[in-house]
Amino acid sequence: MIKDVALGQYFPGNSIIHRLDPRVKIVLTIAYIIALFVCKGIIPYCIVSALLITVILITKINLRLIFKSLRPIMILLAFTAVLNVFYTKSGDVLLQLGAVSVTTGGVATALYMTVRIILLVAGTFVMLTYTTSPIMLTDGLEALLSPLKKVRFPVHELSMMMSIALRFIPTLIEETDKIMSAQKSRGASFETGSLLSRARALVPILVPLFINAFKRAEDLALAMECRCYRGGECRVRLRVFKLSSIDIYACILFAVLFAAIAVISASVSFGVVL
């Protein structure tokens, strides 16, 4: 399960999505998330699903990697679906068990919420972390937040912390897997017993993991000080971002799709489209 965490992983490529400006990717991802929460009805979800499938085909990312990234949230999906099924009382009653009832509105809401979470996680991974290196991602975030420097907001420090965090997530995952393998070779069990016993079994993992994480952080801080790192002061950028025609076309296309989703969802809300 620990190897299924996909946050921070980057798969190099030369597709159109890979070549998009990181600033455009961040903005489009935010708009994609907003579009998911605006969606109402089957047609808007079909549009978002078609968009995500198209992006996956363009990037040529293996579907196994996407399904693998969804495994850690299966419990969240099941929990969300059950809550919506039993707590939404709109529509016709399908099943009545005493005070508990299952309605058509509850089933529909559960399906919509499940699809929304899946599209949210898969789309964020495909459009950002899978196709954008951590360095490009943090540089794009810093460029987008650069106007906040006028009010003395620590834009560079925030971007640097994000870059370091994304860089060390795969490292910490790999180290956790090594510690778990070492503990299993000594007879430790993490998948049997009660919930309390499983939680106690994690203590021998968390202690060395935190110690190694703090040691890595201290080594990195010392290395940055030895190289006279001074943050964003008087720094010359290696990469100068410039919007290309591909970025402009991508923004126009997504704007058209977002407008279509908003119009259709508004029509569903007012009962024009069923």
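For the structure, check the block above.
A quick note: this is a predicted structure, and the numbers were derived from the prediction, not measured. (Residues numbered from 1 in each chain as written. Predicted model: local features only at pLDDT ≥ 70, side-chain atom pairs only at ≥ 80, totals over all residues. Heavy atoms only, no water.)

Colleague: Before we move on, can you summarise the overall build of the protein chain with the specific residues and values?
Modeller: When helices and strands are tallied, the protein chain shows 11 helices and two strands. Counting only residues that meet the buried cut, the protein chain has 32% of its 274 residues in that class. Of the contacts formed within the protein chain by residues at least 6 apart in sequence, a portion of 72% connects residues at least 24 apart. Approximately 17,300 Å² of the protein chain is accessible, and the part contributed by carbon and sulfur atoms is 70%. (Helix = DSSP H or I, 4+ residues; strand = E, 2+ residues; numbered from the N terminus. Buried < 20%, exposed > 50% of the residue type's maximum accessible area, 1.4 Å probe, protein only. Contact = heavy atoms within 4.5 Å. Areas by Shrake-Rupley, 256 points an atom, 1.4 Å probe, with all protein chains shown as cover.)

Colleague: Describe a nonpolar patch on the surface, with residues and values.
Modeller: A surface patch of nonpolar side chains, amounting to about 1,100 Å² of accessible area, comprises Phe79, Val82, Leu83, Phe86, Tyr87, Leu94, Leu95, Leu97, Val100, Val107 and Leu111. Those elements that provide at least two residues to the nonpolar patch are α5 (74–87), β1 (93–97) and α6 (104–129). Take the nonpolar patch: its biggest share by element is five residues, from α5. Here Leu94 is to be found in strand β1. (Patch = residues over 30% accessible without salt bridge, like charges linked within 9 Å, V, L, I, M, F, W, Y side chains within 5 Å. Salt bridge = Lys/Arg side-chain N within 4 Å of Asp/Glu carboxyl O.)

Colleague: Tell me about the packing of aromatic side chains, residues and numbers included.
Modeller: Summed over the entire model, instances satisfying the criterion amount to four aromatic pairs. Consider the rings of Phe11 and Tyr130, whose centres lie 5.0 Å apart with planes at 75°: the pair is edge-to-face. Of this pair, Phe11 sits in the segment before α1 (16–19) while Tyr130 sits in the loop between α6 and α7 (134–145), placing them 119 residues apart in sequence. Aromatic side chains Tyr45 and Tyr112 sit 5.2 Å apart centroid to centroid with 10° between the ring planes, which places their arrangement in the stacked category. Placement of the pair is Tyr45 in helix α3 (residues 42–59) and Tyr112 in helix α6, with a sequence separation of 67 residues. Since its relative accessible area comes to 31%, Tyr112 is described here as partly exposed. Taken together through their ring pairs, the aromatic side chains of Phe11, Phe125 and Tyr130 make up a single cluster. (Phe/Tyr/Trp six-rings, centres within 6.5 Å; stacked < 30°, edge-to-face > 60°.)

Colleague: Requested: an account of the nonpolar core, with residues and values cited.
Modeller: Tyr32, Val48, Ile66, Leu119 and Val126 are the most contacted members of the largest nonpolar core, which has 30 residues in total. Counting only elements with at least two residues in this core, the list comes to α2 (22–38), α3, α4 (63–70), α6 and α11 (245–269). If near-sequence neighbours (up to four positions away) are discounted, Leu119 is found in contact with Tyr32, Leu36, Tyr45, Val48, Ser49, Leu52 and Thr124. The next biggest cluster of nonpolar side chains, apart from the first, holds five residues, and it includes Ile26, Leu128, Leu137 and Leu141. (Core = buried A, V, L, I, M, F, W, Y, C linked by side-chain atoms within 4.5 Å.)

Colleague: Outline the packing of α5 against α6, listing residues and values.
Modeller: At a closest axis distance of 7 Å, the pairing of α5 and α6 adopts a crossing angle of 155°. Taken together, the axes of α5 and α6 lie roughly antiparallel to each other. In the crossing of α5 with α6, the sense of the turn from one axis to the other is right-handed. Residues Leu77, Thr80, Ala81, Asn84 and Val85 of α5 form the contact with α6, whose participating residues are Gly106, Val107, Thr109, Ala110, Met113, Thr114, Ile117 and Ile118. (Axes fitted to C-alpha atoms, helices over the stretch in contact; angles between N-to-C directions. Parallel < 35°, antiparallel > 145°, perpendicular 65-115°, else oblique. Left-handed = near helix turned anticlockwise from the far one by under 90°.)

Colleague: Provide a residue-level description of the pairing of β1, including the pertinent values.
Modeller: Counting buried positions over the five residues of β1 gives zero, only a small fraction of the element. In this structure, the hairpin formed by β1 and strand β2 (residues 100–103) is closed by a connection of two residues, where Gly98 is found at a positive phi of approximately 70°. (Pairing = 2+ DSSP bridges.)

Note that all results are geometric; they support no functional claim without further evidence.
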